[in-house]
Amino acid sequence: MKEKDKTMRQVTGRFDDGSAYDVRVTGNADRPVIGSVRAAALVELRMGTMVALTPTGPLRTVAGDDVDAVVAVLRRATEVVDNR
């Protein structure tokens, strides 16, 4: 795994119903998302599935310790407003 994948990221976005979230993607397999129970549940549902890191690929299996894959799940399922 790349070193960049291990860094924490702050992600702000909106769910389809307009509810906002602000989470920290930790890179910790036990607790990949902190700050929103709903966002954490969304990531948990997608664990073990494939997700495209960008619109054109590459594909990667979603794992809690893979920050890029967790952010990609949030990007696909919600409207990400800010990703730092």
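Residues numbered from 1 in each chain as written. Predicted model: local features only at pLDDT ≥ 70, side-chain atom pairs only at ≥ 80, totals over all residues. Heavy atoms only, no water.

**Student:** Just checking my understanding: could you explain the packing of aromatic side chains for this structure?
**Tutor:** Enumeration over the complete set of coordinates arrives at 1 aromatic pair. Note on Phe 15 and Tyr 21: the rings are 4.9 Å apart at their centroids and 45° apart in plane angle, and the pair reads as tilted. On the basis of relative accessible area, Phe 15 is assigned to the buried category, the value being 10%. Assessed through its relative accessible area of 4%, Tyr 21 is described here as buried. A cation sits over an aromatic face here: Arg 38 above Phe 15, 4.1 Å from the ring centre. (Phe/Tyr/Trp six-rings, centres within 6.5 Å; stacked < 30°, edge-to-face > 60°. Buried < 20%, exposed > 50% of the residue type's maximum accessible area, 1.4 Å probe, protein only. Lys NZ or Arg CZ within 6 Å of the ring centre and 35° of its normal.)

**Student:** Explain the pairing of strand E2 (residues 20-25) here, please?
**Tutor:** Where a strand is regular, its side chains alternate between the two sheet faces. Burial along E2 is one-sided: Tyr 21, Val 23 and Val 25 are buried, and none of Ala 20, Asp 22 and Arg 24, which face the opposite way, are. As paired elements, strand E1 (residues 9-14) and E2 share 6 bridges and run antiparallel to each other. Each residue of the ladder has a partner; that of Arg 9, found in E2, is Val 25. Taken together, the 2 bridges between E2 and strand E3 (residues 33-34) define a ladder with antiparallel strand orientation. Directly across from Val 25, in E3, lies its bridge partner Val 33. (Helix = DSSP H or I, 4+ residues; strand = E, 2+ residues; numbered from the N terminus. Pairing = 2+ DSSP bridges.)

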